[in-house]
Structures are given as structure tokens and as C-alpha cells.
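A look at the structure
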Amino acid sequence: MQPFSVSPKLVLAHNLIIFPLYNKTIAGYTQEILYAKLMHIDGFAVNIQPPFSVYLPMVDTMYEAARQLGNDFSLCLSFDMTYNYTEYDVTSTITRYMSHPNQLMINHNGVNKIFVSTFRGEAYTFGHNTTEDGWKNGIIQPLANNGTPIYFVPNFWVDASNDFFESYDYLDGIFSWWCYPSRGFSTNDIFSAVSANEGKTYIEPITPWFYKHNSVGNWYQGDYNIIDQWMNVIQLDPGMVELVTWNDFSEATYIGSYSAPVFADADGVKRNVSDHEAFGVLSSFFIDWYKKGAQPEIIDDEIFFWFRPHSSSAVATSDPLGLPKWLDGPYTVPLQDRIYGVVFLTDDATVTVHSGNAVDTVFAMSKGWHTLPNVTFVEGQQAVSVSRMGREVKTVVARVAVNNTISRYDFNVVAAYG
């Protein structure tokens, strides 16, 4: 695989190695990679964590699966710095894949460098006096001295500022995790501009949702609209984009479909999680737009929509964790009982939203793509249809209905498309 420039316009998906979508075999990871390529994703940022004796063999297998498929799918390491590492843990893992044909490489000032990222790490010192000393003198410089230079674009949770790289001059770029518009868009604006000015790489995040309801956490982060996030990417044109995440069902950020029940609830029982494949398929349109710099042609009528499976006012009868709380503050932001969505139309059409027994909501829409105006859902089946000249040409019915009689809270979203 040829090295990319510092602004490669790649789209990666953050893949947590601990959560295989299918299984831990070459066949399983091959299926994951082919699935991602169908969504026009360029590669995985592989989230690695201790114990390495357990997870490195899985990373090895994923790299081998990519190799067997050819060199058009990139892989890179993203160290989860919420765990404990030695300098050797990090440097030896990086060098393990330095010569792999699918390793993501960046050509920086004529030098080919291994692309490395993180989740967190802004306070990690590796036993040195400061974070800068730890990363620069414990990781970056020793690797460079050994002929293994890295292109380091971590996810440091620090405030965005116009002089950011004056304090973090040892970084080759910055990767943000903030997707929620009230905070994320201002962060994107600053990091994107300062990275471009300094010749650095900014990785802008995209996520469909954020919600956690298990023994580790019980929170939500408001209503997300992935369309708004993608349009922010189109506007800013960052160096790279990372979907956060590919497969973290525990925080409802995944963009695919799981093949088997998983632990994703409060009571330790395995259940099927909501299908999020619609988000990945929808994203392929915007991925192409971002890469090519022009809106793709719409060649088919398509419908995408998503909603929560119960009202925000529904009361669970036997949930040991209770009502999820707003993550980013002491107050609660009420979730809207809303159907979100977007339709792609090859010609002018009538779009109808069906929600339970409520009166249908009807919109006249022109050729092109349109987000659904604010439609409140009610209990029952949810569907969206497109018609022309009184004839229905497409209808998508969600496989899960809204049901306000609940035993456990579920603030994840049901996503449908067709």
C-alpha cells in the first residue's frame, strides 16, 4: 500500500478489537472488512487494549484477513489509553505491524511514517515528568531512532484553541471524539482550521448515537442527527474522518448490524441490539461526497429513518439502573419523541410518515435529498413511503415498533432503510 499525504481524505471506522462483529477467525474479519468496504470505508482504526496476550492475536488475524483481500483496505493502531501501558507495550506493538502491506502509512516531508492514533492519553506520562515528555521521549523519539517513525494523531480530550499546536507541537494532528453539535461543531471549526494552517491532520468524528445502559454507565447524550454531522464534514473538508464507532454496541455508536445477541443491557442478559446498518449505508453517500468534493448523483429512491423504541416519558417497571441521565451536565435534557430521517428522490414526490395510529404526516418534496421535518412518533408501527401521481413507489417499515410498556429503558435507536 502506497503512503498517503497528510490530508488523505480517508474515512476510517473505529473498530474495537474486543467486539468482533462475527467471530475471531480470518473468515470473520474478512466478512467485517468486506462489509465496511460496501459502505465505502477505507480502513479500520483498531482499538487495542491490554491484555495483549488476549487481543494481539486477534489484531494479527485481522491484519492477515486484510492482507489476503489485497492492499486496498488500511489498518492502523489506536491505543485505548484508559488502560495501563509500558513504553515497550506501545512501541513493540507499533513495530509488530510496521512492514505489513495494509498498515496505514503517511508520507510526511518525504518520510514514510506509520500512522498511530489513540483513544485518550492526554494525561499519560509513561513515568516521565509530563505528558509531552512521555509521548515524545518515551514513544515517538525512540521509534524514530530505531528507524520506525510514526505519524501521531491522537484523541486527546483537551480544549480546542487557535494556538493548540504551540502546546502540542510533537503531534502530527488531532482527532476529536466530540460529535454532539452543541460542543462538537465548534471544536471541529477550531481544530480543522488550526490543523490546516499548521500543515497537520485533523480527524473529524461521525457517530449515529451515544447511549450507555449497563453496570459501567447509565447515560445518554441527547438527540443526534448524523446528517448534520456529515454536512459539517462537507463544509470543513477535514484531512480525515473517523466513524466512532464501527462496533461499540455498549455505547450504541455502532454503524452496522450484529449477527448474534450481545451483553448490552443492565441485567447481564444477552439480547439482540438494534440494527444500525442504515447508518453505514446512508454514510456511503456522504463519504463519496467528502472524497470527491461534489454531491453524488441520486440514481434510486431511498428512505432512511430512525427513532427510539419507546417514548421518553415511558416508565420501566423493573430496571435496576433506573432512568438514564444526561451525560454532559448536572441537568437532564429531554429527548424528543421524534422520527429522524432522510429521503433521496430521483424526481419530485410525496413523502408520507406513518406513525402508529396517528394521522399520516405528508410532505411534498422536490427531486434531490431532504431530511424529514420534525415528526413526533406515537406508539405502534413506524413507516415512511414515497409516492408519485398517487402511486406508492417505495415503502420502508421498521422491523421494531414503538412500545411504551417496558420493563427496561432503551434509549438506543431503531434504524430502517430501503
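Up top is the structure.
What this report covers is the structure whose coordinates are included nearby. (Residues numbered from 1 in each chain as written. Predicted model: local features only at pLDDT ≥ 70, side-chain atom pairs only at ≥ 80, totals over all residues. Heavy atoms only, no water.)

On to the sheet that holds strand S9 (residues 211-213), then. Within a beta sheet, neighbouring strands are joined by backbone hydrogen bonds and run either parallel or antiparallel to one another. The strand order S9-S10-S15 describes an open sheet built from three strands, whose pairing is mixed. Strands with a single pairing partner mark the edges of an open sheet, and in this sheet they are S9 and strand S15 (325-326). Inspection of the sheet shows S9 paired to strand S10 (residues 218-220) by three bridges, in the antiparallel sense. The residue bridging histidine 213 from the neighbouring strand is asparagine 218, located in S10. (Pairing = 2+ DSSP bridges. Helix = DSSP H or I, 4+ residues; strand = E, 2+ residues; numbered from the N terminus.)

Once that is clear, we can look at the packing of helix H1 (residues 26-38) against helix H2 (residues 52-69). Two numbers describe how H1 lies on H2: the axes approach to 8 Å, and their chain directions differ by 60°. Classified by the interaxial angle, the pair formed by H1 and H2 is oblique. Crossing hand, H1 versus H2: right-handed. Judged by residue contacts, Ile26, Tyr29, Thr30, Ile33 and Leu34 of H1 engage Met58, Thr61, Met62, Glu64, Ala65, Ala66, Gln68 and Leu69 from H2. Across the contact of H1 with H2, the residue classes tally to nine nonpolar, three polar and one charged. (Axes fitted to C-alpha atoms, helices over the stretch in contact; angles between N-to-C directions. Parallel < 35°, antiparallel > 145°, perpendicular 65-115°, else oblique. Left-handed = near helix turned anticlockwise from the far one by under 90°. Contact = heavy atoms within 4.5 Å. Nonpolar A, V, L, I, M, F, W, Y, C, P; charged D, E, K, R; others polar.)

In this structure, Phe44, Trp246 and Trp306 are the most contacted members of the largest nonpolar core, which totals 115 residues. Sort the elements by how many residues they give to this core and H2 lands first, with nine residues. Of all hydrophobic cores here, the second largest spans 21 residues; its members include Phe307, Val343, Val351 and Ala398. (Core = buried A, V, L, I, M, F, W, Y, C linked by side-chain atoms within 4.5 Å. Buried < 20%, exposed > 50% of the residue type's maximum accessible area, 1.4 Å probe, protein only.)

Take the sheet that holds strand S17 (residues 349-355) next. Strand order in this open sheet of four strands is S18-S17-S21-S22, and the pairing throughout is antiparallel. The open sheet has two edge strands, strand S18 (361-365) and strand S22 (391-397), and neither has a second partner. The sheet shows a mean angle of 20° between the axes of neighbouring strands, direction not considered. Alignment of S17 against strand S21 (residues 382-388), held across six bridges, turns out to be antiparallel. Looking across to S21, one finds that valine 353 is bridged to valine 384.

This part is about the packing of aromatic side chains. Applying the stated criterion across every chain yields a total of 42 aromatic pairs. With a centroid separation of 4.8 Å and an interplanar angle of 35°, the aromatic rings of tryptophan 135 and phenylalanine 152 are classed as tilted. Of this pair, tryptophan 135 sits in helix H4 (residues 131-145) while phenylalanine 152 sits in strand S6 (residues 150-152), and the two are 17 residues apart along the sequence. Residue classification places phenylalanine 152 among the buried residues on the basis of a relative accessible area of 1%. (Phe/Tyr/Trp six-rings, centres within 6.5 Å; stacked < 30°, edge-to-face > 60°.)

If you walk through the whole model with that rule in mind, you get 11 salt bridges. When the shortest N-O distance is used, the salt bridge between glutamate 64 and arginine 67 registers 2.6 Å. Taken as a pair, glutamate 64 and arginine 67 lie in helix H2 at a separation of three residues, close to a single helical turn. Residue classification places arginine 67 among the partly exposed positions, given a relative accessible area of 42%. Arginine 120 is the salt-bridge partner of glutamate 122, the closest N and O atoms lying 2.5 Å from each other. (Salt bridge = Lys/Arg side-chain N within 4 Å of Asp/Glu carboxyl O.)

Looking at the secondary structure, you find threonine 187 in helix H6 (residues 181-198). The class of threonine 187 is buried, set by a relative accessible area of 9%. Non-local contacts of threonine 187, meaning those with residues more than four positions away in its chain, are made with Ala160, Ser176 and Tyr202.

Right, let's talk about the side chain of serine 195 for a bit. Tracing the chain through its elements places serine 195 in helix H6. Within the structure, serine 195 has its side chain in polar contact with the backbone oxygen of phenylalanine 191 (distance 2.7 Å). Leaving out residues up to four positions away in the same chain, serine 195 has contacts with Phe165, Ile174, Lys200, Thr201 and Tyr202. (Polar contact = N/O pair within 3.5 Å; in protein donor to acceptor, adjacent residues only side chain to side chain.)

Let us now look at the environment of leucine 34. As for its position among the elements, leucine 34 is in helix H1. Residue class for leucine 34 comes out partly exposed when judged on its relative accessible area of 41%. It is 23 Å that separates the C-alpha atoms of leucine 34 and serine 99, two residues lying 65 residues apart in sequence.

When you line up the elements, phenylalanine 44 lands in strand S2 (residues 43-48). When its relative accessible area of 0% is taken as the criterion, phenylalanine 44 is described as buried. Along the chain, phenylalanine 44 and glycine 199 lie 155 residues apart, while their C-alpha atoms are 24 Å from each other. Other than its neighbours up to four places away in sequence, phenylalanine 44 contacts Leu12, Ala13, Asn15, Glu32, Ile33, Ala36, Met62, Phe73, Ser74, Leu75, Cys76 and Trp246.

This part takes up the packing of H2 against helix H3 (residues 87-96). It is the contact of H2 with H3, at a shortest axis distance of 12 Å, that shows an interaxial angle of 20°. When the axes of H2 and H3 are compared, the pair comes out roughly parallel. Considering how the two elements wind past one another, H2 and H3 form a crossing that is right-handed. Along its contact with H2, which presents Phe52, Leu56 and Asp60, the element H3 presents Asp89, Thr93 and Arg96.

The analysis is restricted to geometry; functional conclusions fall outside its scope.
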